[in-house]
Amino acid sequence: MKQILFIILLGTGISVTAQPLSLSFDDALRQMQQGNRSLKIADKGIEAARAERDKLNALWYPSLQSAGTFVHLSEKIEVKQPLSQFTDPAKDFVHSILPDDKIISSILDQIGTNTLIFPLAPRNLTTVDLTAEWVLFAGGKRIHATKIGNTMIDLARENRAQTDATQRTLLAESYYGLRLAQEIVGVRLESYKALKLHYENALKLESTGMIDKAARLFAQVNMDEALRELEAARKEEAVVQRTLKTLLNLETSGDISSSPLFINDTLPPKMEFMQVVGISNYLLNQLSLQEHMAKQQVRIDQSGYLPNIALFGKQTLYSHGIQSNLLPRTMIGVGFTWNLFDGLEREKRIRQSRLTQQTLALGQEKARDDLSVGVDKLYTGLQKALDNVRALNTTIELSEELVRIRKKSFTEGMATSTEVIDAETMLSAVRVARLAAYYEYDVALMNLLALCGIPEQFDKLRIEN
């Protein structure tokens, strides 16, 4: 049936406009979180922190390496031993038995002039070895490195939460900014209709001679000005529409309809926000985590004064040219390395790490002071918006009554066109001011909750309204 109606409307030339897409704030929030690139980048940051933690944890495991070597020596490796060291004692022994012997002595002398050569390795050597090393003690470096890795993940999660709070704040500004723009369009449209009706009445009164041409022209000028303001408000609404669609990653061609602006009758005490901001604020938590990492880095640098003890082993998988009786194929042992002096590099690293830790501690103190000022400023903005709404509600009632009286007086010739237009303009300005106060309250509330690290409480305060 709907398709048939749609075809009939097209056939008759009647334009069919798309219905506005109605989105509650919760729906908009879910839509934003699904395709938001800033949140995706923050999620990648968490994955990168986990990868870095796993890389630091690899220090606990043994390392296994394989290496191959081909060596060409300039000379063979061999042992040369002259035979004279054996023949000379033999000659002395023969002389002790046969003092006049010459034959045996001459034979031994000829033998002693020669050198006995034992080859050990050829000039070309080839080995393929498998080496394993397992650090048993590293002065506590691995323990503190693991703590740094875990803290890096917490820091990335805190950054992700801060990014989410920032995006929620942007969403509140755009979402309720759209509602503000739509409401302002409605106010401008009512003002234009009222001034147009006033202009039509002025034309009638001019024709009867009750007002002059100047009064009618004044009404026409203000009607044209109201139309200009209406068109400007519509253009501003279109800009906010595009901004919100970009933030939500929506490609719909229709307009978005948002929920009404709201304001709470009462506010929680400011002290509650002061207490929460000192516990849940993202910046304070990040600085605290960074200080913890700097503290662990100091301990890592201090562990440089201790030796490293490691268990090592070596297995020759292939060997050519080296006999196993000269170089065993399998070795295992325990060794240590101890850096006794490194030109005071360790001391400088420790000092640098301590300065970083101290700087972060000072940063936390400064951040607490700045956050207290921020909470006070935003809370004051909430109170100011609440007071403005209360005052403007009364002003709007009086302005509406004034417009009614001026219009009635004008039709009776008891009031001028200027008085009617001034009353209409004042009513329009007061209505816009009240809408602006609503919007300022909603945005300030989201900013305050995001500053305190509890942006999810925005839904609770909004629903309770």
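Coordinates for the structure precede this section.
Residues numbered from 1 in each chain as written. Predicted model: local features only at pLDDT ≥ 70, side-chain atom pairs only at ≥ 80, totals over all residues. Heavy atoms only, no water.

Visitor: Requested: an account of the overall build of the protein chain, with residues and values cited.
Guide: Along the protein chain, the regular secondary structure elements total 12 helices and 8 strands. For the protein chain, the C-alpha radius of gyration of 45 Å lies well beyond 23 Å, the compact-globule estimate for 465 residues. Each of the three principal axes of the protein chain carries a C-alpha extent, and together these read 175 × 60 × 40 Å. Buried residues in the protein chain amount to 35% of all 465 residues. (Helix = DSSP H or I, 4+ residues; strand = E, 2+ residues; numbered from the N terminus. Rg over C-alpha atoms; globule rule 2.2 N^0.38 Å. Buried < 20%, exposed > 50% of the residue type's maximum accessible area, 1.4 Å probe, protein only.)

Visitor: Explain the sheet that holds strand β2 (residues 63–72) residue by residue, including any values.
Guide: Spatially, β2-β5-β7-β8 is the arrangement adopted by the 4 strands of the open sheet, whose pairing is antiparallel. Each having just a single partner strand, β2 and β8 (330–337) make up the two edges of the open sheet. The average angle at which neighbouring strand axes cross in this sheet is 25°, direction not considered. When β2 meets strand β5 (residues 124–137), the two strands line up antiparallel, connected through 10 bridges. (Pairing = 2+ DSSP bridges. Axes fitted to C-alpha atoms, helices over the stretch in contact; angles between N-to-C directions.)

Visitor: Just give me the short version of the nonpolar core, but keep the residues and values in it.
Guide: Ranked by size, the top nonpolar core spans 65 residues in total, and within it F25, L171, Y176, L445 and F458 carry the most contacts. Within the residue set of this core, elements represented by two or more residues are α2 (25–35), α6 (141–208), α7 (213–248), α8 (270–280), α9 (282–302), α10 (345–411), α11 (417–452) and α12 (457–464). Per element, the largest residue contribution to this core is 15 residues, and it comes from α6. Apart from the residues within four sequence positions on either side, F25 is in contact with L171, A172, Y175, Y176, S259, M446, F458, D459 and R462. The next biggest cluster of nonpolar side chains, apart from the first, holds 7 residues, and it includes L56, I148, L155 and I300. (Core = buried A, V, L, I, M, F, W, Y, C linked by side-chain atoms within 4.5 Å. Contact = heavy atoms within 4.5 Å.)

Visitor: Please give an account of the environment of D154 that cites residues and values.
Guide: For D154, the position within the fold is in helix α6. In this structure D154 comes out as partly exposed when scored by relative accessible area, which is 35%. Sequence spacing of D154 and G374 is 220 residues, and the spatial spacing of their C-alpha atoms is 25 Å.

Visitor: I'd like to hear about the environment of S428, residue by residue, with values.
Guide: By the element assignment, S428 lies in helix α11. The class of S428 is buried, set by a relative accessible area of 6%. Taking the C-alpha atoms as reference, S428 lies 68 Å from I300; in sequence the two are 128 residues apart.

Visitor: For the side chain of R462, give the residues involved together with the corresponding values.
Guide: Its location among the elements puts R462 in helix α12. In terms of polar contacts, R462 uses its side chain to reach the side chain of D459, at 3.1 Å. Contact partners of R462, with chain neighbours within four places excluded, come to F25, D26, Y176 and F262. (Polar contact = N/O pair within 3.5 Å; in protein donor to acceptor, adjacent residues only side chain to side chain.)

Visitor: Break down helix α3 (residues 37–57) for me, with residues and values.
Guide: The periodicity of an α-helix, 3.6 residues per turn, causes residues three or four positions apart to be oriented the same way. Compared with the 30 Å implied by 1.5 Å per residue over 21 residues, the 30 Å span of α3 between its first and last C-alpha is a close match. All of the buried residues along α3 are L39, A42, I46, A49 and L56. End-on view of α3: buried residues confined to an arc of 90°, all on one side of the axis. In α3, the exposed residues that point more than 90 degrees away from the buried face are R37, I41, K44 and K55. Elements that come into contact with the buried residues of α3 comprise α2 and α6. Measuring from the backbone nitrogen of S38 back to the side-chain oxygen at the start of α3 gives 3.0 Å, which picks out N36 as the cap. (Expected span 1.5 Å × (residues − 1). Arc of directions from axis to C-beta.)

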